[in-house]
Amino acid sequence: MMTLSDSPHSKTPEELYEIFESSEEGIEADEASRRLRVYGKNVLKEEKRSFLSIFIGQFKSPIVAVLIAAALLSFAMGHTTDSIFIAGILFINSILGFFQEYKAETSIRALKKLTETHARVVRMGLEALVPSEEIVPGDILLLGEGDLISADIRLIESHGLQVDEATLTGESVPSSKDADKIFPSQTPPYERKNILFSGTHIIKGTAKGLVTATAEHTYLASIAKSAQELSPDSPLTRSLSLFSKKLIVVLAAILLIVGAVGLIHGLGIGDLASVLIAELVSAVPEGLPIVVTLILALGAYRLSGHKVLVRHLPSVESLGSASVIATDKTGTITQGYLSVKETEVLDKEALRMCAALCNDASQEHGDPVDAALRVWLGSEYEPIRKHNSRVFYHPFDPKLRMMATVNQDHQKKERLYIKGAYEALRTMAANSVQELENLDKAHDKMAVTGLRLLAFGISEENWEDPKKWSIRIVGLIGFADSAKDGVADAVSHAKNAGIKVIMITGDNPLTAQVIAKDVGIWQEQDRVLNGTEIEDMTDERLYDTLKRCSVIARALPEHKYRVVKLLQKEGEIVAVTGDGVNDVPALKAADLGIAMGGGSEAAKSTAKMVITDNNLGIIVDAIRQGRIITANLRKVIFYLLATCFDEILLISTAIIAGVPLPVHATQILWINIVTDGVTDKTFPMCRQEGDVMKNPPRRLEKQFFDRWQIARIAWVSIVNASVTLAVFIHLLNNDYSYEAAVTVSFSIIVTSQWVNGILAQKENEPFLRNIRRSLSINPAIWIGVAIGIALQSIALYLFPHLLHSISPNFEMLGYIGGATIGVFALIEGYKWVEWILKRAAKR
């Protein structure tokens, strides 16, 4: 079968008749049935993954494996509640992931809906109405205004044909088609004016065409195939996966070393095994998926208040990580419809009469130019048309580049009204030399601003023969798809936040550059890249060009897809916006695909987020919220890892040093309840710390584990473990019983982790630098600590024997309080040093 790549646009209808064994009369019904069996139905194929494979895929993350191990170990230790809780969270996450991924599979079915229509087919000279799925290559189709194109078609005849190809090209202006044109084989799709593409629809005119491709051989299907690629994991998922792999290796090494040393020191096998298992359980941050889910869920809820609907929960964090926004133009940056932007008027009354009468717009439909004129005229539109009845109609002719009507007023006087390209109307203009010179200057001035220009004229004689038309041009009108309010501010905020904004559109370069300049995306030193240029570039050269490029015009879906994949390859976290079928491949490949609420179902089904208000400003505001969420994730990761490692470090150091164990296995598990169990759940409520949009986005590998984060985790772990072990040894050396010393060290670990949780609410400055802000940044943390204090007090004073402890007296409480103050001072002092160093680095 001939396909798009076989260049039907470069062949004459006669050549195609021979290739497809067809004719102007169409094919026979029996032959159509045979071809339907050979080529299959004209529907997009669906490659479905089974329910089971999608569900199993939810458990492939290394951190999930670690948490399953933690659940099993907790169960083996007799902590049934903990194991059930961890398993429950894992199950809920897997169910959510399953439904989200399954929903994404509907993108192909959404594309399929674009071809579920009927078509007028000519077979053996007779017209018939058949379901579009039964169309076959070689069929002759008859098409008219409003028809949806259900196959790729080479035009044989066309009359004033204008087609909306926005879902494929992104252009807001209809494309004029001409059956008589023949183009070179390498002509890009958006310039193939003799081809109708599946998934587009006719705005004006009539046509007759030969079907050259159906189903998966159409250009639409080539886009759909790209949508089958699995979306990349979120930055959070990738970062945690990398961390979990390293954590497994580190823990295995620590436990082997500690176990060997414990045996050398003569520690009993049973005691050693019990401690090592408890140490492993404490080392796994089982609370992490719970808190991450809470933070993301709360973030999704907050985003819904900002007109952002989250379809894939991990994408909430992707917002905060985005380093590049690849945005389309129509409907996101611009209004998505044409409006009158500028005029040059010679005769105001005549211009308005012409704009109203040489117009086919109605309340329900109309081409974008006619609709814009209708809005421009306002309440005058209907009265003018009512009192000037149409007696002659010359539809838009792509060859003459004009349309005309003759209307009769209430005095039965007839007048010709004409609109079209200025160059076309000027050849028949009867204006004075001075008027034409002024019009030439006005035309050139408006043209360089990227406006779509039309000239308007009138005549009162010789309207029967277009060749004898002599008109008076009464004015020029420039149309534009204007930028939305707030977009320029949004672009400015994004750039200040270190986010690169690239506009990728199917529109022509001049129009795209003008819009991009208006909203601040394009600046004088920036490059405007054409889609055809991308095809000739290597990846290395393209990436180097993208560093200086802010606009890509005449972009095809494969160009946008390639740009996204290349940016990701270079370490960028890419957010892509789109609303058309042409955006589907890039939306699927992006780290964060954002569809517009008014866009196609294919785009919304593929995207991870849907913006209910099609505006770039909403996206930038969502990024701000995403950064707050990311900051809270970073804080809770720091807190949980610091609490895990201080316990590991404490036990490991004690075993290696040959001193008695400062805590029991059951105490370690209790610590996780009264510290992590109650305080980490408050981190989602932490408020914004400073202006998150003033800092550039962190690279993926540094998002949660940069050198500052690692150093802070190490310092807190060392401080907590060292202070606890020092007090424990001091008590043993001063004739305190082992039970008393263990009770104090056990309590110090708990209180020092509460201190760490409180200080972790602020990452960018010390606690004492602004005490009011420190106390109010997250009021929920104080509730968490209060619950922890209550639980710890109940355990020590009512049931101490259950935790191998004794009820502490005032002297023991003094040691606990003094050690806690010391921990606070050491951590706070470190934060002051870090704050000073960071400020010095920015200077």
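Just so we're clear, the structure is a prediction, and the values are computed from it rather than from any experiment. (Residues numbered from 1 in each chain as written. Predicted model: local features only at pLDDT ≥ 70, side-chain atom pairs only at ≥ 80, totals over all residues. Heavy atoms only, no water.)

Caption draft 1: Structural view of the environment of Ile269. Mapped onto the elements of the fold, Ile269 is located in helix H10 (residues 269-283). Placed 10 residues apart in sequence, Ile269 and Gly259 show a C-alpha to C-alpha distance of 9.3 Å. (Helix = DSSP H or I, 4+ residues; strand = E, 2+ residues; numbered from the N terminus.)

Caption draft 2: Focus on the confidence of the model for the protein. Per-residue pLDDT for the protein averages 82, and the proportion of residues at 70 or more is 83%. A low-confidence stretch, residues 1-5 stays under pLDDT 50, and its non-local contacts, those more than four residues away or across chains, total 22 contacts. (pLDDT = per-residue confidence, 0-100. Contact = heavy atoms within 4.5 Å.)

Caption draft 3: Summary view of a negative patch on the surface. Judged by side-chain charge, Glu14, Glu15, Glu18, Glu24, Glu25 and Glu157 come together as a negatively charged surface patch. The element contributing the most residues to the negative patch is helix H1 (residues 13-20), with three residues. Position of Glu18 among the secondary structure elements: in helix H1. On the basis of relative accessibility, which here comes to 66%, the residue Glu18 falls in the exposed class. (Patch = residues over 30% accessible without salt bridge, like charges linked within 9 Å, V, L, I, M, F, W, Y side chains within 5 Å. Areas by Shrake-Rupley, 256 points an atom, 1.4 Å probe, with all protein chains shown as cover. Salt bridge = Lys/Arg side-chain N within 4 Å of Asp/Glu carboxyl O. Lys, Arg positive; Asp, Glu negative; His and termini not counted. Charge placed at Lys NZ, Arg CZ, Asp CG, Glu CD. Buried < 20%, exposed > 50% of the residue type's maximum accessible area, 1.4 Å probe, protein only.)

Caption draft 4: Layout of the nonpolar core. If you look at the biggest cluster of nonpolar residues, it comprises 102 residues, and the most contacted ones within it are Ile333, Met503, Ile521, Ile594, Met609, Leu616 and Phe746. Per-element accounting of this core gives the leading share, 20 residues, to helix H25 (residues 616-657). Leaving out residues up to four positions away in the same chain, Leu616 has contacts with Ile325, Thr327, Thr332, Ile333, Val487, Ala490 and Val491. (Core = buried A, V, L, I, M, F, W, Y, C linked by side-chain atoms within 4.5 Å.)

Caption draft 5: Broad picture of the sheet that holds strand S19 (residues 574-578). The strand order S8-S21-S20-S19-S9-S16-S18-S17 describes an open sheet built from eight strands, whose pairing is mixed. The strands lining the two open edges of the sheet, one partner per strand, are strand S8 (308-310) and strand S17 (527-530). Strand-to-strand twist in this sheet, taken as the mean axis angle between neighbours without regard to direction, amounts to 20°. Relative to strand S21 (residues 609-611), strand S20 (residues 592-596) is paired through three bridges, and the arrangement is parallel. Counterpart to Ala595 in the pairing with S21 is Val610. Across the sheet, helix H19 (residues 509-518) is in contact with strand S16 (500-504), S17 and strand S18 (549-553); its angle to S18 comes to roughly 140°. Relative to the sheet, helix H22 (residues 557-569) contacts strand S9 (324-327), S16, S18 and S19, its axis offset from that of S19 by approximately 165°. (Pairing = 2+ DSSP bridges. Axes fitted to C-alpha atoms, helices over the stretch in contact; angles between N-to-C directions.)

Caption draft 6: The arrangement of the pairing of S9 in detail. Of the two faces of S9, both are covered, the one formed by Val324 and Ala326 as well as the one formed by Ile325 and Thr327. With four bridges joining them, S9 and S16 adopt parallel strand pairing. Each residue of the ladder has a partner; that of Ile325, found in S16, is Val501. Here S9 runs beside S19; their pairing, made up of three bridges, is parallel. The partner of Ala326 across the bridge, within S19, is Val576.

Caption draft 7: Quick look at helix H29 (residues 738-759). In a regular helix each residue adds 1.5 Å, so 22 residues correspond to 32 Å; H29 covers 31 Å between its end C-alpha atoms and thus fits that length. Counted residue by residue, H29 has 20 buried out of 22 residues, so it is predominantly covered. (Expected span 1.5 Å × (residues − 1).)

Caption draft 8: Seen up close, the pattern of salt bridges. If you walk through the whole model with that rule in mind, you get 30 salt bridges. Ionic pairing is found between Glu765 and Arg773, a salt bridge with its closest N-O pair at 2.7 Å. With a relative accessible area of 7%, Glu765 lands in the buried category. When its relative accessible area of 36% is taken as the criterion, Arg773 is described as partly exposed. Ionic contacts of the salt-bridge type, sharing partners, join the residues Arg634, Asp706, Arg712, Glu763, Glu834 and Lys838 into one network.

Caption draft 9: Molecular detail of a nonpolar patch on the surface. Together, Ile794, Tyr797, Leu798, Phe799, Leu802, Phe810 and Leu813 make up a nonpolar patch on the protein surface, roughly 760 Å² of accessible area in all. Broken down by secondary-structure element, the contributors of at least two residues to the nonpolar patch are helix H31 (779-798) and helix H32 (810-842). The greatest single-element share of the nonpolar patch, amounting to three residues, is contributed by H31. Secondary-structure assignment places Leu798 in helix H31.

Caption draft 10: Structural context of the packing of aromatic side chains. Applying the stated rule across the entire model yields seven aromatic pairs. The interplanar angle of 25° and the centroid separation of 5.4 Å between the aromatic rings of Tyr639 and Phe683 together place this pair among those described as stacked. Residue Tyr639 is located in helix H25, and its partner Phe683 is located in the loop between helix H27 (676-679) and helix H28 (707-733); the two are separated by 44 residues in the primary sequence. Phe683 carries the same exposure label as Tyr639, and that label is buried. Between Tyr736 and Tyr815 the ring centres are 6.0 Å apart and the planes differ by 85°, which places this aromatic pair in the edge-to-face class. You can see Tyr736 sitting in the loop between H28 and H29 and its partner Tyr815 sitting in helix H32, a full 79 residues away along the chain. The positively charged end of Arg712 is found above the aromatic ring belonging to Phe638, 5.4 Å away from the centroid. (Phe/Tyr/Trp six-rings, centres within 6.5 Å; stacked < 30°, edge-to-face > 60°. Lys NZ or Arg CZ within 6 Å of the ring centre and 35° of its normal.)

Caption draft 11: Summary view of the environment of Arg35. By the element assignment, Arg35 lies in helix H2 (residues 29-39). Overall, Arg35 belongs to the buried group, its relative accessible area being 5%. It is 9.2 Å that separates the C-alpha atoms of Arg35 and Ile135, two residues lying 100 residues apart in sequence. Apart from residues no more than four positions distant in its own chain, Arg35 is found in contact with Phe20, Glu21, Ile27, Gly40, Val136, Pro137 and Gly138. Side-chain polar atoms of Arg35 contact the side chain of Glu31, separated by 2.7 Å. (Polar contact = N/O pair within 3.5 Å; in protein donor to acceptor, adjacent residues only side chain to side chain.)

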